[in-house]
Amino acid sequence: MRRGPAPPPLPAAAGSGAQPPPPPPGRSRRRPEPASLGRQPRALSAPRPPSALTEPHPAPPGPAAPGKAAAGPRYGGAPGGPAFPGQAQDPLYGYFAAVGGQDGQIDADELQRCLTQSGIAGAYKPFNLETCRLMISMLDRDMSGTLGFNEFKELWAVVNGWKQHFVSFDSDGSGTVDRQELEKALMAMGFRLSPQAVTAITKRYSTQGKIAFDDYIACCVKLRALTECFRRRDATQQGFVNFHYDDFIQCVMSI
């Protein structure tokens, strides 16, 4: 008995485990996922901080390239601020900072206010503006016409020393010194001047033969500044120098 062609296979029943027929050419097969197994969107996590034990800390930024500012905050202080530890606690710094302004420097007007507020003149008349200009010229090594805090401290020490000399030689307590007292004071400070020089100084800084405290300080400032100017040019320290005229004018007129 001849058998005919076999019949085509029947579609598999759902859940039977048989494979479904291949899809028609040109179509991809994609199995639907159960709702309970669907993919959830993955949350982005924050970057994990480096561990102090397992991961190195980021290296600090290196020096900035020339012409570029360094990265990160700038903690620089204002110009003329504390230059060494404890400067802000210095008793003199309060007087200086009160008039110094943002630039950390004081000119003759500000120096006059600073010295007046500090009371360094004591019972004597406060310093006039010209005396303050002389004080600045004596210590103004960078020729800026102003003083920084360290220069101000030096000036304070010098003026206090001169004040002690003045008080010690003002034997009658009049607040003035005469020619003889001035000569003794100058000798105590180490100046060896001729009687003619002392007389010339007395005439320049006295009123009716009496030199007041303010004029006495102005005299000491100018005498010290001129002496330093001369000493720098006296290479052999013999008391003789050769001045060019222009150099001489600069020395005298800058004081």
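Quick note: structure is the one above.
What you are looking at is a predicted structure, and each value in this text was computed from that prediction instead of being measured.

Asker: Help me understand the overall build of the protein, please; the structure alone is not making it clear to me.
Answerer: Secondary structure assignment for the protein yields 8 helices and 2 strands. The order of α-helices and β-strands along the protein, N terminus first, is α-α-α-α-β-α-α-β-α-α. Per-residue burial over the protein gives 28% buried out of 255 residues. Taking the intrachain contacts of the protein between residues at least 6 apart in sequence as the baseline, contacts between residues at least 24 apart amount to 54%. As presented, the protein carries roughly 18600 Å² of accessible surface, and 57% of it is formed by carbon and sulfur atoms.

Asker: Looking at this model, I keep getting lost on the nonpolar core. Mind explaining?
Answerer: If you look at soluble globular proteins, the nonpolar side chains tend to sit buried side by side. Counting 47 residues, the largest nonpolar core has L111, L115, F127, M135, F152 and Y216 as its most contacted members. For this core, the secondary-structure elements that each account for two or more residues are α1 (91-100), α2 (108-118), α3 (129-139), α4 (149-169), α5 (179-188), α6 (195-205) and α7 (213-233).

Asker: Explanation requested: the layout of surface pockets in the structure shown.
Answerer: Sizing a probe to match a water molecule and rolling it over the atoms shows the empty space that remains. Taken as a whole, the largest pocket holds about 420 Å³ of empty space. For the largest pocket, the lining is made up of 18 residues, of which S137, M138, M143, A225 and R232 are closest to its centre. Elements with a contribution of two residues or more to the lining of the largest pocket: α3, α7 and α8 (245-253). With 6 residues, the single largest contributor to the lining of the largest pocket is α7. Put simply, the second largest pocket is a space of about 160 Å³. No other element matches α7, which puts 3 residues into the lining of the second largest pocket. Taken together, the residues that form the lining of the second largest pocket break down as 4 nonpolar, 3 polar and 3 charged.

Asker: I'm lost on the packing of aromatic side chains in this one. Help?
Answerer: Working definition: an aromatic ring pair is given by the centre-to-centre distance plus the angle between the planes. Counting across every chain of the model gives 13 aromatic pairs. Judged by centre distance (5.3 Å) and plane angle (85°), the rings of Y124 and F166 are edge-to-face. Separated by 42 residues along the polypeptide, Y124 in the loop between α2 and α3 and F166 in helix α4 bring together distant segments of the chain. Each of the two residues, Y124 as well as F166, counts as buried.

Asker: I keep staring at the packing of α1 against α4 and nothing clicks. Help me out?
Answerer: When two helices pack together, their arrangement is given by the angle between the helix axes and the distance between those axes. Between α1 and α4, the shortest axis-to-axis distance is 11 Å and the interhelical angle comes to 120°. In terms of crossing hand, the pair formed by α1 and α4 is right-handed. Along its contact with α1, which presents L92, Y93 and F96, the element α4 presents F149, F152, K153 and W156. For the contact of α1 with α4, the class distribution of residues is 6 nonpolar, no polar and 1 charged.

Asker: What am I meant to see in a nonpolar patch on the surface here?
Answerer: Judged by side-chain polarity, F243, Y245, F248, I249 and M253 come together as a nonpolar surface patch covering roughly 560 Å² of accessible area. With relative accessibility at 64%, the residue M253 sits in the exposed group.

Conventions used here
Per-chain numbering applies: the sequence of each chain, read as written, is numbered from 1 onward. Where totals are concerned, whole chains, interfaces and linings use all residues; where local detail is concerned, this predicted model gives features only for residues with pLDDT of at least 70, and gives and counts side-chain atom pairs only at 80 or more. To obtain the side-chain values, all non-hydrogen atoms of the structure were used and water was disregarded. Secondary structure elements follow DSSP: runs of H or I of four or more residues count as helices, runs of E of two or more count as strands, with numbering from the N terminus. Working definition: with a 1.4 Å probe on protein chains only, accessible area under 20% of the residue-type maximum means buried, over 50% means exposed, and in between means partly exposed. Contacts between residues were defined by any pair of non-hydrogen atoms, one from each residue, lying within 4.5 Å. Accessible surface is estimated by sampling points in the Shrake-Rupley manner with a 1.4 Å probe; for residues, cover comes only from the protein chains shown. Among the buried residues, those of types Ala, Val, Leu, Ile, Met, Phe, Trp, Tyr and Cys that are joined through side-chain atoms within 4.5 Å form a nonpolar core. With a 1 Å grid spanning the protein atoms alone, the term cavity applies to any set of points in which a 1.4 Å probe fits but cannot get out, the term pocket to an open set with protein on both sides within 12 Å along at least five of seven lines, and the term lining residue to any residue with an atom within 4 Å of a point. Grid points are joined across faces, edges and corners, and a volume is the space filled by probe spheres set on the points. Ten residues, namely Ala, Val, Leu, Ile, Met, Phe, Trp, Tyr, Cys and Pro, are considered nonpolar, four, namely Asp, Glu, Lys and Arg, are considered charged, and the remaining ones, Gly among them, are considered polar. Think of it this way: a Phe, Tyr or Trp ring, Trp meaning its six-membered ring, pairs with another when their centres are within 6.5 Å, and the plane angle makes it stacked under 30 degrees, edge-to-face over 60, tilted otherwise. Angles run from 0 to 180 degrees between N-to-C directions of axes, and those axes are lines fitted to C-alpha atoms, restricted for helices to the stretch in contact. By convention the crossing between two helices is left-handed if the near helix lies anticlockwise of the far one by an angle smaller than a right angle, and right-handed if it lies clockwise. Excluding any residue in a salt bridge, patches collect residues exceeding 30% relative accessible area, merging like charges within 9 Å and nonpolar Val, Leu, Ile, Met, Phe, Trp and Tyr side chains within 5 Å. Here, a salt bridge means any side-chain nitrogen of Lys or Arg that lies within 4 Å of a carboxyl oxygen of Asp or Glu.

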